[in-house]
Amino acid sequence: MKVARKTQSLVATLLIAVFLAPPSIACSMIAAGKKATVDGTTILSHNDDTLNDNFHLKIIPEAEHKDGAKRDMVKDAHGYPGQEVVLGQIPQAKRTNRYFFSNYSLMNDKSVAFAEVSNTVLTPDARAKKVHKIMSAESQGMMDAFMVQDVALERASSAREAVKIVGDLITEHGW
């Protein structure tokens, strides 16, 4: 009974904070590891605050791939149909996992999950213009948050493995 009241109080406090916060275009997440919850449950939540994204949700099935197969790296695969651009290809894994594909793909059949936190960059001053130039205008890499999450969810059986996959992709193919 005491635990339930504490949980209800925490949830109520978080909801009040969310509803009273000033509006912004920023993704947020809330996470609690097994040592932070009473019963050892892990919790992960992610919202995607945006004005123009497509929030479709589909399941990408697990698959077996032939030796030498390639995987397209598609910019705007998560947007609206017709906006997609193939930036290049990477070697395809022999076997890929089933995963939820959405604006930001979120979890695979091995319980590997992602939650992303970002913020819109407005460019009213010199510093913001410099950040935008480096992160967008002059970016030459093939990877972005959408693609690395997809590939990691396709291939990873653990969070540690997902982190390695993401790091390797960015190191090899740029951001």
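Overview of the structure. (Residues numbered from 1 in each chain as written. Predicted model: local features only at pLDDT ≥ 70, side-chain atom pairs only at ≥ 80, totals over all residues. Heavy atoms only, no water.)

## Points about helix 3 (residues 145–155)
Just so we agree on the cut-off: Classification of residues uses two cut-offs on accessible area relative to the type maximum, computed with a 1.4 Å probe and protein chains only: under 20% is buried, over 50% is exposed, and between them is partly exposed. The helix count covers DSSP runs of H or I at least four residues long, the strand count covers runs of E at least two residues long, and both are numbered beginning at the N terminus. Should any heavy atoms of two residues lie within 4.5 Å, those residues are considered in contact. Distance and chemistry together define a polar contact, namely a pair of N or O atoms within 3.5 Å, with one atom able to donate a hydrogen and the other to accept it when in protein, and with adjacent residues in sequence counting only for side-chain atoms on both sides.
With nine of 11 residues buried, helix 3 lies mostly within the body of the structure. Every buried residue belonging to helix 3 is among Ala145, Met147, Val148, Gln149, Asp150, Val151, Ala152, Leu153 and Glu154, and all of these are buried. Of the surrounding elements, those touching the buried residues of helix 3 are strand 5 (70–75), strand 6 (85–91), strand 7 (95–96), strand 8 (99–101) and helix 4 (159–173). By the N-cap criterion, in which a side-chain oxygen at the helix start approaches the backbone nitrogen of a residue two or three places on, helix 3 is capped by Asp144, the distance to Phe146 being 3.1 Å.

## Re the side chain of Arg71
Residue placement: Arg71 occurs in strand 5. According to the relative accessible area criterion, Arg71 is buried, its value standing at 12%. One polar contact links Arg71 to Glu154, side chain to side chain, over a distance of 3.0 Å. Once residues within four sequence positions are removed from consideration, Arg71 is found in contact with Gly88, Gln89, Ile90, Gln92, Tyr99, Asp150, Val151, Glu154 and Arg155.

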